[in-house]
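Observations on the model geometry
These are the residues of each chain, in order.
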Amino acid sequence: LGQQPNLNLKVDGFVNGETSDTTSGYVSPTITNTNTALGTYELTPEGGFADNYKFKYVSGNLVIEPVRLSQENTSITVNESEIKYNGKEQKPTITVVHEGKTLEEGKDYTVEYKNNINAGEATIIVIGKGDYQCNIETKFEIQKLELTATYLGETIKYGETPKFPLKVEGFV
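Residues numbered from 1 in each chain as written. Predicted model: local features only at pLDDT ≥ 70, side-chain atom pairs only at ≥ 80, totals over all residues. Heavy atoms only, no water.

**Looking at the overall build of the protein**
The helix and strand tally for the protein stands at zero helices and 12 strands. When the elements of the protein are put in sequence order from the N terminus, they spell out β-β-β-β-β-β-β-β-β-β-β-β. By its C-alpha atoms, the protein is 120 × 25 × 15 Å across when sized along the principal axes. About 12300 Å² of surface is accessible on the protein, with carbon and sulfur atoms providing 47% of the total. When the 16 positive and 24 negative side-chain charges of the protein are each reduced to one mean point, those points stand 9 Å apart. (Helix = DSSP H or I, 4+ residues; strand = E, 2+ residues; numbered from the N terminus. Areas by Shrake-Rupley, 256 points an atom, 1.4 Å probe, with all protein chains shown as cover. Lys, Arg positive; Asp, Glu negative; His and termini not counted. Charge placed at Lys NZ, Arg CZ, Asp CG, Glu CD.)

**Re the sheet that holds strand β4 (residues 74-78)**
Reading across from one edge, β4-β5-β6 is the order of the three strands in this open sheet, with antiparallel pairing throughout. In this open sheet, the two edge strands, each paired with only one partner strand, are β4 and β6 (101-102). For β4 and strand β5 (residues 94-98), the ladder comprises five bridges, and the chain directions are antiparallel. Note that in β5 the partner of T74 across the bridge is H98. (Pairing = 2+ DSSP bridges.)

**A few points about the sheet that holds strand β7 (residues 109-114)**
One open sheet holds the three strands; their spatial order is β7-β8-β10, and the pairing between them is antiparallel. Looking at strand neighbours, the two that pair on one side only are β7 and β10 (135-142), the edges of this open sheet. Going across the sheet, the axis of each strand differs from the next one's by a mean of 25°, ignoring polarity. When β7 meets strand β8 (residues 120-128), the two strands line up antiparallel, connected through six bridges. Bridging from a neighbouring strand, T110 pairs with I127 of β8. (Axes fitted to C-alpha atoms, helices over the stretch in contact; angles between N-to-C directions.)

**As for the nonpolar core**
Counting residues in hydrophobic clusters, the biggest one holds 17 residues, and the most contacted among them are I94, V96, Y109, I124, V126 and F140. Residue assignment for this core shows that the elements contributing at least two residues are β5, β7, β8 and β10. (Core = buried A, V, L, I, M, F, W, Y, C linked by side-chain atoms within 4.5 Å. Buried < 20%, exposed > 50% of the residue type's maximum accessible area, 1.4 Å probe, protein only.)

**Some points on the pairing of β5**
Here β5 shows a buried face lined by I94, V96 and H98 and an unburied face lined by T95 and V97. Here β5 pairs with β6 via two bridges, running antiparallel. By the bridge assignment for β6, V97 is matched with T102. Counting the residues between successive antiparallel strands, the hairpin from β5 to β6 contains two residues, one of them, E99, with a positive phi of roughly 45°.

**Observations regarding the side chain of T74**
Position of T74 among the secondary structure elements: in strand β4. Engagement of the side chain of T74 in a polar contact is seen with the side chain of H98, the distance being 3.5 Å. T74 has contacts with L69, V96, V97, H98 and I136, leaving out every residue within four places of it along the chain. (Polar contact = N/O pair within 3.5 Å; in protein donor to acceptor, adjacent residues only side chain to side chain. Contact = heavy atoms within 4.5 Å.)

**Digging into the packing of aromatic side chains**
To describe a pair of aromatic rings, you give the distance between the ring centres and the angle between the ring planes. Enumeration over the complete set of coordinates arrives at five aromatic pairs. Between F14 and Y53 the ring centres are 5.4 Å apart and the planes differ by 80°, which places this aromatic pair in the edge-to-face class. With a gap of 39 residues between them, F14 in the segment before β1 (39-43) and Y53 in the loop between β1 and β2 (60-64) connect regions that are remote in the sequence. The exposure class of F14 is partly exposed, given its relative accessible area of 25%. (Phe/Tyr/Trp six-rings, centres within 6.5 Å; stacked < 30°, edge-to-face > 60°.)

**With respect to the environment of T155**
Inspection of the secondary structure assignment puts T155 in the loop between β11 (148-151) and β12 (166-169). With 146 residues separating them in the primary sequence, T155 and L9 have C-alpha atoms 95 Å apart.

**Looking at the environment of F140**
Examined against the element boundaries, F140 turns out to sit in strand β10. Note: C-alpha distance between F140 and G120 (20 residues apart in sequence) is 8.4 Å. Excluding residues within four positions of it along the chain, F140 makes contact with V78, I83, Q90, P92, Y113, N116, G120, E121, A122, T123 and I124.

Okay, here's the thing in structure tokens:
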């Protein structure tokens, strides 16, 4: 994920109530890690000294997993404030923010859409990628397109049936 994790090292085996704070000449062993990519890494402590103890070093695994995005820790904002029906797929741009960090489409996530042609409720699906794992849905509204119906008017003679000619504009 680009950051080195904090590593904790446990030292045990002290006798007679001694601790790392009270043992004579104690210098803590260290453990280092340069891995930041997803994966499992075997790490072994080294160094360390104590006047009355010798160290046995036991390896352990550092597992770097993808970040799991959820509705609770991630916000998805539809960037367009008004989306009107136009007969075509509506694919509004979005901004995805996880715990204050804006994620990058294509690198951190991909986007899919459902029911995004006709007026009504449509769905955006954010799918995690790379260091992020998720499948989060959010909704947006496709507004109905306004049509204008105009009565063109007509002149008829008494007793005739009007034809009521209309002109409807606004179709896509």
